[in-house]
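Results of the structural survey
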Amino acid sequence: MLSQNSNFSASTRKNRTLVIGLDGATFDILKPVLQAGRMPNLQRLMDAGVSGPLASVLPTNSAAAWCSFATGKLPSRHGIFEFRQRVQGSLHQKTIVNATYLRDESLWRILTRHERRIGVVGVPLTYPPASLNGFMVTGLLTPKNAPVFTYPENLSPELRAMHGGEYIFDVEWANYQGRQEALIQDLDRLSQVNLDTTLHLARSRDWDLLITVFVSPDRLQHCFWPYMDPTFPHYDAESARRFYPLAQAHFGYLDQCIGRLLDELADAQTTVMVMSDHGFQGVYQQMNLDDWLAGEGLLKYRAARQTTLKAIKKVVRPLYRRLRIANITGRVKGLSQAADIDWGKSRAYCTWDQQQGISINLQGRDPLGVVSPGAEYEQLLSEIEARLRAARHPQTGQPLFVDVIRGKDYYKDPIETFTPDLIVLPGSYLRVAAPRQRRMYDSTGWATGDHAVNGIFVAHGPHIRSGAAITANLIDLAPTILHTLDLPIPQDMDGQVLGDVFEPEWAQAHPPVPESREAAGDYLAQDEQLSTEDEQTLIERLEGLGYL
């Protein structure tokens, strides 16, 4: 399975780690595919190494999760919670985030600081590319026509030429309704581009750590759930006979990609990890949490604007798209749900686009805060938490939320503007959606899959236990990766080295070495704004990916 005939010398092969990301992968979907024998390479890694569920961060958003993977820290520490971020001091204006918004060290910066070689291909939220000791090809949130999407810069025209003049970063699954075969074909092509790019760069350049991410599992599971999960209430047996084989074939193709990477890049001295940033679950209904807050008397809409908002959007949004004016839902005052709120009469609101967090409209923190800090804040927080826990679905009578978590209990050193006071985990088959739906409860339509907490983790290599089942957290991967490379672990990481991954005798003889914050030095985010045109293209892509 692992090649013994590497092109690299023995010195360059020492302590190398290969990380293969499968965005959104979940064992709920992979286990039947593995049992059918369609993923033999992944199965062999699992049999010879360790495997188990990998708990993501909250919110279960790819932007937050991949940045937590890269830093070993919670979103409140690295500063990115979702794809759009509210502009400081504004209630309605939002901007698309990018790699310059990351407020702490990434793995590639740490390796560069230690003069180790790093290769990064397709990791979301890495645009604009960073200067590093190695190579980088950016991933999700790279503008379609970005002239430079690599480090070094001269790789960009080389990769475009290699792939027929255009480099493909993603496939917008939401635009493929009724074209399932075409979606699979384009996901195959997307994966092929990622594989060929990774092999081309990794075979011709030295590296100590190589990270490559295939995003297709996420895109597929967002809309193929009724064909893949027989327990799903909206399972479509007739369509499943037609489309589930296509899904199985695509996962089989991804396994072939894993096999190629193992055969051509890994040997007995290489630690291999396969992981996902979050898991997945079936959904068929979404709710607007701001509307729920309004029904509870906690949020007040400006009634005169509420009746005209949808009509205005229908006319103005297409016009703004044609004129390439960016972020109509965030920058044009009055066309976002946030701008439609009467803030002087609202005590709580949803913090993010994907409404998994609730914030108190707090004096001194929010621009138009009405709730006093201290006793009033604490009393309202307890009241809303109790109401959320007691809330039931009006049709099924089932709890709307399986858990409600206080932000201060989950996050560390919160960036107060973007950290919610309460986090909700929705109940079965329900998503808390972006505020673009027609009513409080609405069908998800073509979007029958949504992010869940538990992803996947598989590891194999020197000193890795064999055939063991473990559980892990996403934030533990960065320190564990550094430990496989004999590098010190920054003391301020939230994650810990996964000691259960390693053989006990080796782990006891090789304890993690801590690194002080002073040794790492200061890291300052740049917060570089994208151009108007680039931001508009990314808004359209996020809409095509079901995130806006």
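Scope of this entry: the structure provided in the associated data block. Think of each chain on its own: its residues are numbered from 1, step by step along the sequence as written. Residue-level local features of this predicted model are given only where pLDDT is at least 70; pairs of side-chain atoms are given and counted only at 80 or more, and the full residue set underlies all totals for whole chains, interfaces and linings. In computing side-chain values, all of the structure's heavy atoms are included and hydrogens and water are not.

Notes on the overall build of the chain
- The numbering of helices and of strands both runs from the N terminus, where a helix is a DSSP run of H or I of at least 4 residues and a strand a run of E of at least 2. The helix and strand tally for the chain stands at 20 helices and 22 strands.
- With a 1.4 Å probe rolled over the protein chains alone, any residue whose accessible area is under 20% of its type maximum counts as buried; one over 50% counts as exposed, and the rest are partly exposed. Scored against the burial criterion, the 548 residues of the chain give a buried share of 60%.
- Only the protein chains shown count as covering a residue, and every accessible area follows the Shrake-Rupley method with a 1.4 Å probe. Just so you have it, the chain exposes about 21100 Å², and 48% of that area is on carbon and sulfur atoms.

A look at the pairing of strand 9 (residues 270-275)
- Burial runs high along strand 9: 6 of the 6 residues are buried.
- For two strands to be treated as a pair, DSSP must find no fewer than two bridges joining them. Here strand 1 (residues 16-22) pairs with strand 9 via 6 bridges, running parallel. By the bridge assignment, Gly21 is partnered in strand 9 with Met275.
- Of the strand pairs in this sheet, strand 9 and strand 18 (residues 454-460) are connected by 4 bridges, and their pairing is antiparallel. Across the sheet, residue Val272 finds its bridge partner in strand 18, namely His460.

Considerations on the sheet that holds strand 12 (residues 357-360)
- Read from one edge of the open sheet, 4 strands run 11-12-14-13, paired in antiparallel fashion. Two strands lie at the open edges of the sheet, namely strand 11 (348-350) and strand 13 (401-406), each paired on one side alone. Neighbour-to-neighbour, the strand axes of this sheet turn through a mean angle of 25°, independent of strand direction.
- Examined bridge by bridge, strand 13 and strand 14 (residues 422-426) share 5 bridges and lie antiparallel to one another. Residue pairing across strands places Arg406 opposite Leu422, the latter belonging to strand 14.
- Running at roughly 165° to strand 13, helix 15 (residues 375-390) makes contact with strand 11, strand 12, strand 13 and strand 14 of the sheet. The convention used is that axes are lines fitted to C-alpha atoms, helices contributing only their stretch in contact, and that angles between N-to-C directions extend from 0 to 180 degrees. Should any heavy atoms of two residues lie within 4.5 Å, those residues are counted as being in contact.

Comments concerning the environment of Phe502
- Residue position: Phe502 is located in the loop between strand 21 (489-490) and helix 18 (504-509).
- Classification of Phe502 by relative accessible area gives buried; the value is 4%.
- When the C-alpha positions of Phe502 and His463 are compared, they lie 5.5 Å apart, and in sequence the two are 39 residues distant.
- Look past the residues within four positions of Phe502 in its chain and what remains in contact with it is His463, Ile464, Arg465, Thr480, His483, Thr484, Val497 and Ala507.

Concerning helix 11 (residues 237-265)
- Its 29 residues give helix 11 an end-to-end C-alpha distance of 41 Å, which sits within 8% of 42 Å, the value for a rise of 1.5 Å per residue.
- We define the bend at each residue as the angle formed by axes fitted to the 7 residues ending at it and the 7 residues starting at it. The largest bend in helix 11 comes to about 40°, at Phe243, with the proline Pro245 one to four residues further on. Every helix has an expected span of 1.5 Å times one less than the residues it contains.

Some points on the environment of His222
- Within the fold, His222 resides in the loop between helix 9 (216-221) and helix 10 (225-228).
- Expressed as a C-alpha distance, the spacing of His222 and Gln281, which sit 59 residues apart in the sequence, is 8.9 Å.

Side note on the packing of helix 2 (residues 27-35) against helix 11
- With their axes 10 Å apart at the nearest point, helix 2 and helix 11 run at an angle of 85° to one another. Our classification of the angle between helix 2 and helix 11 gives roughly perpendicular. Where helix 2 approaches helix 11, its residues Ile29, Leu30, Pro32 and Val33 are matched on the opposing element by Tyr244, Gln248 and Phe251.
- For this classification, the nonpolar set comprises Ala, Val, Leu, Ile, Met, Phe, Trp, Tyr, Cys and Pro, the charged set comprises Asp, Glu, Lys and Arg, and every other residue, Gly included, is treated as polar. Of the residues assigned to the contact of helix 2 with helix 11, the class counts are 6 nonpolar, 1 polar and no charged. Angles below 35 degrees are treated as roughly parallel, those above 145 as roughly antiparallel, those between 65 and 115 as roughly perpendicular, and all remaining angles as oblique.

Quick word on the pattern of salt bridges
- Criterion for a salt bridge: a side-chain nitrogen of Lys or Arg within 4 Å of a carboxyl oxygen of Asp or Glu. Taken as a whole, this structure holds 22 salt bridges when the rule is applied.
- A salt bridge links Arg387 to Glu296; its shortest N-O distance comes to 3.1 Å. Placement of Arg387 in helix 15 and of Glu296 in the loop between helix 12 (289-295) and helix 13 (303-322) is noted, with a sequence separation of 91 residues between them.
- On the basis of relative accessible area, Glu296 is assigned to the partly exposed category, the value being 30%.
- The closest approach of N and O atoms between Glu385 and Arg406, which form a salt bridge, is 2.8 Å.

What about helix 20 (residues 532-544)?
- The terminal C-alpha atoms of helix 20, which comprises 13 residues, lie 19 Å apart, in line with the 18 Å expected from a rise of 1.5 Å per residue.
- Within the sequence span of helix 20, burial applies to Glu535, Gln536, Thr537, Leu538, Ile539, Arg541, Leu542, Glu543 and Gly544.
- Phi turns positive one or two residues past the end of helix 20, at Gly546, with a value near 80°.

Some points on the nonpolar core
- The biggest cluster of nonpolar side chains holds 110 residues, and the ones touching the most others in it are Phe69, Trp108, Phe224 and Phe457.
- Counting residues per element, this core draws most heavily on helix 11, which supplies 12 residues.
- If near-sequence neighbours (up to four positions away) are discounted, Phe69 is found in contact with Val19, Leu107, Ile211, Met275, Leu474, Leu477, Ala478 and Ile481.
- Counting residues in each nonpolar core, the second largest holds 30 residues, with Leu298, Ala348, Phe401 and Val432 among its members. Remark: nonpolar core denotes a set of buried residues (Ala, Val, Leu, Ile, Met, Phe, Trp, Tyr, Cys) joined through side-chain atoms within 4.5 Å.

Here we look at the pairing of strand 6 (residues 134-137)
- Covered by surrounding structure in strand 6 are Gly134 and Met136 together with Phe135 and Val137, the residues of both alternating faces.
- Where strand 5 (residues 118-121) meets strand 6, 4 bridges bridge the pair, whose relative direction is parallel. Each bridged residue has a counterpart across the sheet, and for Val120 the counterpart in strand 6 is Met136.

What to know about the side chain of Asp366
- Considering the arrangement of structural elements, one finds Asp366 in the loop between strand 12 and helix 15.
- Take Asp366: its relative accessible area is 5%, and that puts it in the buried class.
- Here the side chain of Asp366 touches Tyr349 through a polar contact of 2.4 Å, side chain to side chain.
- With near-sequence residues (within four places) excluded, Asp366 lies in contact with Arg86, Tyr349, Ile360 and Asn361. Residues adjacent in sequence count toward polar contacts only when both atoms are side-chain atoms; beyond that, a polar contact is any pair of N or O atoms within 3.5 Å, and within protein one must be able to donate a hydrogen and the other to accept it.

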